Amino acid sequence: MTSIPRPSLFFVVILCLLVTTIRPVDARDLPDFVPLVKQNTAAVVNISSTSKKSGSMPPDFNIPEGSPFRDFFEKFFGEGPEGKRPPNEDYASLGSGFIISEDGYLITNNHVIKDADEVIVRMSDRREFVAEVIGTDRRSDLAVLKIDAEKLPTVTLGTSENLEVGEWVLAIGSPFGFDYSVTTGIISAIGRSLPNENYVPFIQTDAAINPGNSGGPLFNLDGEVIGVNSQIYSRTGGFMGLSFAVPIDVVKSVYKQLREKGHVSRGWLGVLIQDVTRELAESFDMDYPHGALVAKVLPDSPAEEAGLEVGDIITRFDGKDISFSSDLPPIVGASEVDEKVSVDILRRGKKKTLGITIAELPEDAALAERRRTPEQDKSAENALNITVENPTSEQRQSLGLEKQGVLVTSVSQGAASQAGIRRGDVIMLINNENIDSVKTFNDVVEKLPRGKSIPVLIQRRGNPIFLALKLEE
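Owing to the predicted nature of the structure, the values given are computational and were not obtained by experimental measurement.

Comments concerning the overall build of the chain
- Looking only at helices and strands, the chain has 12 helices and 28 strands in total.
- Across the 473 residues in the chain, those meeting the buried criterion constitute 47%.
- With an accessible surface of roughly 24,600 Å², the chain has 50% of that area assigned to carbon and sulfur atoms.

Right, here's the structure in full:
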């Protein structure tokens, strides 16, 4: 019978050491959030606002169309025939906020206190104060409040300039009214641009944020506030792993301006832009896609005054590289009004630098008026397989056209349809040449190169869009 040799004493000792050390090492690598929570909870507040405005959902319940919860909330809060709230009936909006000065200044979201008749701030020690609204900023969704108190606990403001994806973060707030709930996660992305929020480069996190967390602080592991929890992406009305916070550097600027002058000034360039796709990059003879493609230059704007043109690609603004079109608005918005900045562009394949003096961003109504644009002898058969016609004077007036543009009246299968051109589009530019008539259109189309992407600027429902078009060889 063969005997099995015993393991040596040395081998047994090594094995025991491995077993006893692996688990504690993993545990020690995880952050300890307890001191951070104890240090900051007292400076986080619950905010409730009451309003007698009828026929609208409480501001913090930002639930998307098609959500199974939307019908429920609209029945009790909204405009539906069975859910119309009686006039003058109060509703309460619940949110969060945090104290940034010992004499009672607070930060929260604008949508938490919007249209409020009264704003109540409740602290962790159960004291309650009626808050004064110092100022609000709709574009960043921030509001500054003031309560009559002294020697209050405060948070420490950090910076959002050097944030990195993967960093741990912690949020404190009142989701669904559950006060001082703590959730953790990591930074999922930075510099996110959201629809209708072009001037805020949002921090995206996977920390659980729900209605009621709005306006609350987002902390880093050093206990510093790096953002204000503002929005979530959700198909249900609840948390789905995508939360967005306003960076604290934006918050600091807004807070300072609201306290000093009661409103926020932002820089304005005066262009409508879009991303450069791979096909568009090829059509503009670029090595790779980057920059912000100018689809329209607004009248009486700094861009027009400096000579910026449709089809220019902004690659660098005030010393900062522009990789995506969404990079540009926050940088422009943060620029000082009346400051002259250097703007690098690519125009018809050649690099050029312009000096542009930044103006103040106009009010929404004035900006909308400047952006107002359209939809319109028919062309003969052409290589694009589309039919266009010159707009009538009435059509030009209704569409906001001056001399430029021909209206697409029919689209057949071919290069134009594959590029995305539709009936009703107005063709403004083809291969960097202005289209001011059917004759010009026919002349330009006739000499288009084959087997190469070329840029086409169209106008659709008032919005300028560049498309990449390629004729087969």
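Focus: the nonpolar core
- If you look at the biggest cluster of nonpolar residues, it comprises 29 residues, and the most contacted ones within it are Ile107 and Val246.
- If you list the elements that add at least two residues to this core, you get helix H2 (34-40), strand E3 (105-109), strand E7 (142-146), strand E9 (168-173), strand E11 (197-205), strand E13 (224-232), strand E14 (243-247) and helix H5 (248-261).
- Not counting residues within four places of it along the chain, the set of residues in contact with Val246 comprises Ser140, Leu142, Val200, Phe202, Ile226, Gly227, Val228, Ser230 and Val251.
- Residues Ala416, Ile421, Ile427 and Val444 belong to the second largest nonpolar core, which totals 23 residues.

Notes on the pairing of strand E18 (residues 313-317)
- In terms of burial, E18 is largely enclosed, as four of its five residues are buried.
- Two strands pair when backbone bridges link them, and strand E17 (residues 292-297) and E18 are joined in this way by two bridges, in the antiparallel orientation. Within the sheet, the bridge partner assigned to Ala292 lies in E18 and is Ile314.
- Sheet analysis places E18 next to strand E20 (residues 340-347), joined by four bridges and oriented antiparallel. Across the sheet, residue Ile313 finds its bridge partner in E20, namely Leu346.
- In the sheet, E18 pairs with strand E19 (residues 320-321) via two bridges, with the strands oriented antiparallel. Within E19, the residue paired with Arg316 across the bridge is Asp321.
- Between E18 and E19, which pair antiparallel and follow one another directly, the connecting turn spans two residues, one of which, Asp318, has a positive phi of 55°.

Quick look at the pattern of salt bridges
- Going through the model one piece at a time under the given rule, you end up with 14 salt bridges.
- Two residues, Asp137 and Arg266, come together in a salt bridge whose shortest N-O distance is 2.5 Å. Pair noted here: Asp137 is in strand E6 (residues 132-137) and Arg266 is in the loop between H5 and strand E15 (267-268), with a separation of 129 residues, a long-range link.
- Here Glu309 makes a salt bridge to Arg347, at a shortest N to O gap of 3.6 Å. Here Glu309 is found in the loop between helix H7 (302-306) and E18, whereas its partner Arg347 is found in strand E20, with 38 residues between them in sequence.
- A residue is classified by how much of its surface remains accessible, and Glu309, at 31% relative accessible area, is partly exposed.
- It is possible to trace a salt-bridge network through shared partners that takes in Glu309, Asp312, Arg347 and Arg348.

The rules behind these values
- Residues numbered from 1 in each chain as written.
- Predicted model: local features only at pLDDT ≥ 70, side-chain atom pairs only at ≥ 80, totals over all residues.
- Heavy atoms only, no water.
- Helix = DSSP H or I, 4+ residues; strand = E, 2+ residues; numbered from the N terminus.
- Buried < 20%, exposed > 50% of the residue type's maximum accessible area, 1.4 Å probe, protein only.
- Areas by Shrake-Rupley, 256 points an atom, 1.4 Å probe, with all protein chains shown as cover.
- Core = buried A, V, L, I, M, F, W, Y, C linked by side-chain atoms within 4.5 Å.
- Contact = heavy atoms within 4.5 Å.
- Pairing = 2+ DSSP bridges.
- Salt bridge = Lys/Arg side-chain N within 4 Å of Asp/Glu carboxyl O.

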